[in-house]
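# Analysis of the macromolecular model
Okay, here's what each chain looks like letter by letter:
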Amino acid sequence: MNRKRLKSLFLSLATAKQWWENGNFYQIYPRSYKDSNGDGVGDLNGITQKLQYIKDLGIDGAWISPIFKSPMVDFGYDTADYYQIHYEYGTMEDMENLLKKAKEIGLKIILDFVPNHTSDQHEWFKKSVLKEGDYTDFYVWHDGIKKDDNSQPDPPNNWVSVFRYPAWKWNEQRKQYYLHQFAAQQPDLNYRNPKVVEAMKNVLRFWLSKGVSGFRVDAVPFMFEVAPFSNGSYPDEPVNPDCPDKDDYCHTFHIYTNDQPETYDMIYQWRQILDEFRTENGGDDRVMLTEAYTNLTNIIKFYGNETRNGSHVPFNFDLLTETITDQTAANFHTHIHKFLDLVPKHQYANWVLGNHDNNRVASRYGKNRADLLNILLQTLPGIAVTYNGEEIAMTDVFIPWNETVDPQACNTNPDVFQSFSRDPARTPFQWDASTNAGFSTARKTWLPVSADYKTNNVLMQQHAPISHLHIFKKLLKLRDEPSFDQGTFESQLVNSDVIVYKRELTGSDIYVVVLNFGTTSHQIDLKSIYSGIGSKLEVITTSLQSGYKDGDLIQGTNVTAYPEVGTVFVSIK
Ligand code: GLC
């Protein structure tokens, strides 16, 4: 091969589309996905059994919520050992099998990396309590504010935990306070200590060498706190006058505990670990997905800058958080464009509508609108992220106070817990109509199975002539079409209920998506909006309760936007 050909081969390889670009990610909540050993808790072997199902959906990468050793105070988000598998989930061998099977079928596995805090059962914390060598400063310790009578000092300042109550807990043994931005059993690591930084990088390296394709990084904005003053004290956060309850997280504005400038550099450093690993070991890109509920300006910073690469997928929660109270087409339209306008050149937009921390899509927007939202998610330009169960439109399950297990809710009281509890969105996955929805053979599952599982499950939807699942799969296939993969996005808010957009790439089919968020029907002349489309349109896929069915041929001048229905059309030349 001459040098010129070699160079062009190199260039085409270098520019070949990577698996995650415009990719489709699926979140597995391991406790609730599939229980293979009948103890009522999902596990790794259960996930392995279902990898083919995920692959068949058309997913590129599955990220699994934490699977490491944990006392499960926050269901795995309290890690007791980053190098061991939690016993209820299986063994390291099970994990290796899972990775092997995923590799065989061409599905990428992403692990959840929880860097902000460990469990208080982690060896590092135990050693830190004892002030053992390097571990002494692994966490954020403080004497507190001394009292005249020499009794237990007051907490260092007014910082509040996300899960309620002061973010500082007194440790009787070390006679100091430690910081915990979540549960008291989740002490915050001290990222101003280079030894912590290195220890956490080693965790990444270990799992990369086991064969994972990347990480979803948890609770990113919390990693750094403001540096203490020279006398060691930390400033109070300003008080929010609209939230007088001093134990509630809303009581302060989190200007010293969230979004500190050092956070971005840490993300860029981790990206470097991923890139170096690929350079040294070959294979496909290893990727980073970052979880940060923060403003869009900050989200964009995670992507990186001219000189440094950052997160491949800085989760965009804007659609999720900004549409909870205002679910109008206009509001969706605004937030779609807000993000698209900000995404840096050569980066991918991404869209998240659900996860294990938020109410399910079908419960938030109404069951009727489940397909509409899936159609939106899958036809926007960029990367789509789906929480397990949304493909069959699972709904939240009411869990009474006395059965509630989520620490965020348990720290509240029977009157208000429902607005804090994340249990309703975490109930077992509904596979079929057998006992416990085919999730488990146990007499009791860790959270109750939804009462509707006999009429809403994967098996039934696979066999039904039309179903949420069929729509979901069709949408994922559609994303391979050049117009969706690389085409332009031209949208319009037609009226207060309806958004339409066109996806087009020269030389390929033209698609038009019509989304009616309202509860009344509208007639739309799509030809007058997009003059370049053919006079006829064919329905590719549409919501369950649509007046159309797949394959219908419609006049482009007179399209019905049925209530709460999304439809994808292809233009007929
Ligand atoms: C993230 C997780 C959430 C967890 C919290 C603390 O937000 O998604 O489930 O409780 O971090 O780790």
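Since the model is a prediction, treat every value here as computed from it, not as a measurement. (Residues numbered from 1 in each chain as written. Predicted model: local features only at pLDDT ≥ 70, side-chain atom pairs only at ≥ 80, totals over all residues. Heavy atoms only, no water.)

### With respect to unusual backbone geometry
The cut-off we apply is this: Put simply, DSSP marks the helices as runs of H or I at least four residues long and the strands as runs of E at least two long, and each gets a number from the N terminus on. Remark: exposure states derive from per-residue accessible area (1.4 Å probe, protein chains only) relative to the maximum for the residue type, with buried under 20%, exposed over 50%, and partly exposed in between.
The phi torsion at Lys131 lies on the positive side, around 55°, for a residue other than glycine. With phi around 70°, His346 is a residue other than glycine that occupies positive phi space. The residue His346 is located in the loop between α10 (329-342) and β12 (350-352) in this model. Among the residues examined, His346 registers a relative accessible area of 74% and is labelled exposed.

### A word on the side chain of Asn457
Basically, it comes down to this: Nitrogen and oxygen atoms within 3.5 Å of one another constitute a polar contact, given that in protein one can donate a hydrogen and the other can accept it, and given that sequence-neighbouring residues count only through two side-chain atoms. Whether two residues are in contact is decided by their heavy atoms: any pair within 4.5 Å suffices.
For Asn457, the location among the structural elements is in the loop between α13 (407-410) and α14 (458-463). A polar contact is formed between the side chain of Asn457 and the backbone oxygen of Tyr453, at a distance of 2.8 Å. Among residues more than four places away in sequence, those in contact with Asn457 are Ile392, Gln430, Trp431, Asp432 and Ala433.

### Remarks on the packing of helix α3 (residues 44-57) against helix α15 (residues 468-478)
Inclusion rule: Between the N-to-C directions of two axes lies an angle of 0 to 180 degrees, each axis being a line fitted to C-alpha atoms and, for a helix, fitted only over the stretch in contact. All residues other than Ala, Val, Leu, Ile, Met, Phe, Trp, Tyr, Cys, Pro, Asp, Glu, Lys and Arg, Gly among them, are scored as polar; the first ten of these are nonpolar and the last four charged.
It is at 8 Å that the axes of α3 and α15 come closest, and there the two elements cross at 65°. On α15, the residues touching Tyr53, Asp56 and Leu57 of α3 are Leu469, Phe472, Lys473 and Leu476. Broken down by class, the residue content of the contact of α3 with α15 amounts to five nonpolar, no polar and two charged.

### Re the UniProt feature "domain: Glycosyl hydrolase family 13 catalytic" (unreviewed entry) in the chain
Going by this rule: UniProt positions are given in the numbering used here, feature names are shortened, and annotations may be inferred rather than shown by experiment.
When the UniProt feature table is mapped onto this chain, "domain: Glycosyl hydrolase family 13 catalytic" (unreviewed entry) is found at residues 27-426. Structurally, residues 27-426 is divided into 30% helix and 12% strand, and its ends, taken at the C-alpha atoms, are 12 Å apart.

### As for the confidence of the model for the chain
The criterion, for reference: Each residue carries a pLDDT score, the predictor's confidence in it, ranging from 0 to 100.
When pLDDT is averaged along the chain, the result is 96, and 97% of the positions lie at 70 or above. At the low end of the mean pLDDT range in the chain sits helix α1 (residues 3-15), at 52; at the high end sits α3, at 99.

### Focus: the site of the ligand
Stated formally: Definition of nearness: a residue and a molecule or strand are near each other if at least one heavy atom of the residue lies within 4 Å of the molecule or strand. Residue-level accessible areas treat just the shown protein chains as cover; the underlying method is Shrake-Rupley with a 1.4 Å probe. In this analysis the probe radius is 1.4 Å and the grid spacing 1 Å, with only protein atoms considered; a cavity is a set of points the probe fits into but cannot get out of, a pocket is an open set with protein on both sides within 12 Å along at least five of seven lines, and lining residues have an atom within 4 Å of a point. Whether a molecule lies in a cavity or pocket depends on its atoms, and more than half of them have to be within 2 Å of the grid points.
In the region of the ligand, 13 residues are neighbours, and Asp74, Asp218, Glu291, His356 and Asp357 sit closest. The separation between an oxygen atom of the ligand and a polar side-chain atom of Glu291 is 2.8 Å. Burial of the ligand by the protein chains amounts to 95% of its free accessible area of 310 Å². When atoms are counted within 2 Å of each cavity's grid points, the one that captures over half of the ligand is the largest pocket.

### Some details on the pattern of salt bridges
Rule in force here: Only one rule defines a salt bridge in this text: a Lys or Arg side-chain nitrogen within 4 Å of an Asp or Glu carboxyl oxygen.
Under the defined criterion, the tally for this structure stands at 30 salt bridges. Here Lys146 and Asp143 are joined by a salt bridge, their closest N and O atoms 3.9 Å apart. Taking relative accessible area as the criterion, Asp143 reaches 38% and is therefore assigned partly exposed. Among the ionic pairs, Glu262 bridges to Arg192, the shortest N-O distance being 3.1 Å.

### Describing the sheet that holds strand β10 (residues 287-290)
Rules: The pairing criterion is simple: DSSP has to find at least two bridges between the two strands.
Ordered in space as β11-β10-β9-β5-β2-β1-β13-β12, the eight strands form an open sheet in which the pairing is parallel. Both outer strands of the open sheet, β11 (313-314) and β12, are each paired with one neighbouring strand and no more. Alignment of strand β5 (residues 108-113) against strand β9 (residues 214-217), held across three bridges, turns out to be parallel. Bridge pairing in β9 places Leu111 opposite Phe215. Strands in contact with helix α6 (residues 194-210) are β5 and β9; relative to β5, the strand with the most contacts, it is inclined by about 160°. On the sheet, helix α7 (residues 262-281) packs against β5, β9 and β10 and is oriented at approximately 155° with respect to β10.

### Looking at the nonpolar core
Across soluble globular proteins, nonpolar side chains have a tendency to be buried as a group. The following threshold applies: Side-chain atoms within 4.5 Å link the members of a nonpolar core, which is a set of buried Ala, Val, Leu, Ile, Met, Phe, Trp, Tyr and Cys residues.
In this structure, Tyr53, Tyr191, Phe215, Trp270 and Leu526 are the most contacted members of the largest nonpolar core, which totals 129 residues. Those residues in contact with Trp270, other than ones at most four positions away along the chain, are Phe113, Pro115, Tyr191, Lys201, Leu204, Val217, Met223 and Met288.

### A word on empty space enclosed by the protein
In this approach a probe as big as a water molecule rolls over the atoms, and the regions it shows empty are the leftover space. How we decide: Grid points are joined across faces, edges and corners, and a volume is the space filled by probe spheres set on the points.
Tallied over the full model, the rule gives three cavities of 30 Å³ or more. For the largest cavity, the calculated volume is near 80 Å³. Looking at the largest cavity, the residues that line it are Leu353, Gly354, Val361, Ala362, Ala370, Asn374, Leu377, Val385, Thr386, Tyr387, Glu390 and Ala393. Secondary structure elements with two or more residues in the lining of the largest cavity: α11 (361-365), α12 (370-379) and β13 (383-387). Split by residue class, the lining of the largest cavity holds eight nonpolar, three polar and one charged. Roughly 50 Å³ of volume is contained in the second largest cavity.

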